[in-house]
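Topology and contacts: notes
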Amino acid sequence: MNAPDWLAARSGTLKPGVRPETTFVILEAQPLYKLEVRPAVGKFACSVSSTLNGKRLDDPAVTYPTADAALTGGLDQLRAKLGW
């Protein structure tokens, strides 16, 4: 997956994790946020957390129809939380 425009504008990138459901948001050459797509009652959710302190940044009640939509939705939740 390519980094969305709002992330690329800040020189950010996405890097896959060791597990296929994990993606890291890289800023200033550091993995600052971790996104994990997980099954959720026949749909998917995306857990977004800070790698610095483990704090969750997502709304755990939000679900998406596909794994790809969950990753995109998790990135949107991160953008909103960061105010970008």
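Structure's up top.
Below is a short write-up of the structure. (Residues numbered from 1 in each chain as written. Predicted model: local features only at pLDDT ≥ 70, side-chain atom pairs only at ≥ 80, totals over all residues. Heavy atoms only, no water.)

**Points about the nonpolar core**
Formally: Take the buried Ala, Val, Leu, Ile, Met, Phe, Trp, Tyr and Cys residues and link them wherever side-chain atoms come within 4.5 Å; each set so joined is a nonpolar core. Exposed residues in this analysis have more than 50% of their type's maximum accessible area, buried residues have under 20%, and partly exposed residues fall in between, with area computed by a 1.4 Å probe over protein chains only. The secondary structure listing takes helices from DSSP runs of H or I that are at least 4 residues long and strands from runs of E that are at least 2 residues long, numbered from the N terminus. We call two residues in contact when some of their heavy atoms are within 4.5 Å.
Among the nonpolar cores identified, the biggest contains 16 residues, and Val 25, Leu 35 and Leu 78 are the most heavily contacted of them. Counting residues per element, the ones that place at least two in this core are helix 1 (5-8), strand 2 (22-27), strand 3 (30-40), strand 4 (43-50) and helix 2 (67-82). Looking at this core, the element that brings in the most residues is helix 2, giving four residues. When residues no more than four places from it in sequence are discounted, the contact partners of Val 25 are Leu 7, Thr 13, Leu 14, Gln 30, Pro 31, Leu 32, Tyr 33, Leu 35, Leu 75 and Leu 78.

**Here's the deal with the sheet that holds strand 1 (residues 13-16)**
Put simply, the rule is: For two strands to be treated as a pair, DSSP must find at least two bridges joining them. Helix axes are fitted only over the stretch in contact, all axes being lines through C-alpha atoms; the angle between N-to-C directions runs from 0 to 180 degrees.
Taken together, the four strands give an open sheet; going across it, the order is 1-2-3-4, and neighbouring strands pair in antiparallel fashion. Every other strand in the sheet has two partners, leaving strand 1 and strand 4 as the edge strands with one partner each. Adjacent strand axes in the sheet meet at a mean angle of 25°, parallel and antiparallel pairs treated alike. When strand 3 meets strand 4, the two strands line up antiparallel, connected through eight bridges. Looking at the pairing, Leu 35 lines up with Val 48 of strand 4.

**Overview of helix 2**
Stated precisely, the cut-off is as follows: Residue count minus one, scaled by 1.5 Å, sets the expected span of a helix.
Along its 16 residues, helix 2 runs 23 Å from first to last C-alpha, staying within 8% of the 22 Å computed at 1.5 Å per residue. Inspection of helix 2 places Ala 70, Leu 71, Gly 73, Gly 74, Leu 75, Gln 77 and Leu 78 among the buried residues, and these make up the whole buried set. Of the surrounding secondary structure, the elements contacted by the buried residues of helix 2 are helix 1, strand 1, strand 2, strand 3 and strand 4. Count one or two residues on from helix 2 and you reach Gly 83, which has phi positive near 75°.

**Side note on the pattern of salt bridges**
Filter applied, for reference: The term salt bridge refers to a pairing of a side-chain nitrogen on Lys or Arg with a carboxyl oxygen on Asp or Glu at a separation within 4 Å.
Inspection of the entire model under this criterion finds five salt bridges. Arg 19 serves as the salt-bridge partner of Glu 21, at 3.6 Å between the closest nitrogen and oxygen. A residue is classified by how much of its surface remains accessible, and Arg 19, at 44% relative accessible area, is partly exposed. With a shortest N-O distance of 3.8 Å, Glu 36 and Lys 34 are connected by a salt bridge. When its relative accessible area of 8% is taken as the criterion, Glu 36 is described as buried. If you follow the salt bridges from partner to partner, you end up with Arg 19, Glu 21, Lys 34, Glu 36 and Arg 38 in one network.

**Considering unusual backbone geometry**
In this structure, Glu 28 is a non-glycine residue whose phi angle is positive, near 55°. Unlike most non-glycine residues, Val 41 shows phi in positive territory, near 50°.

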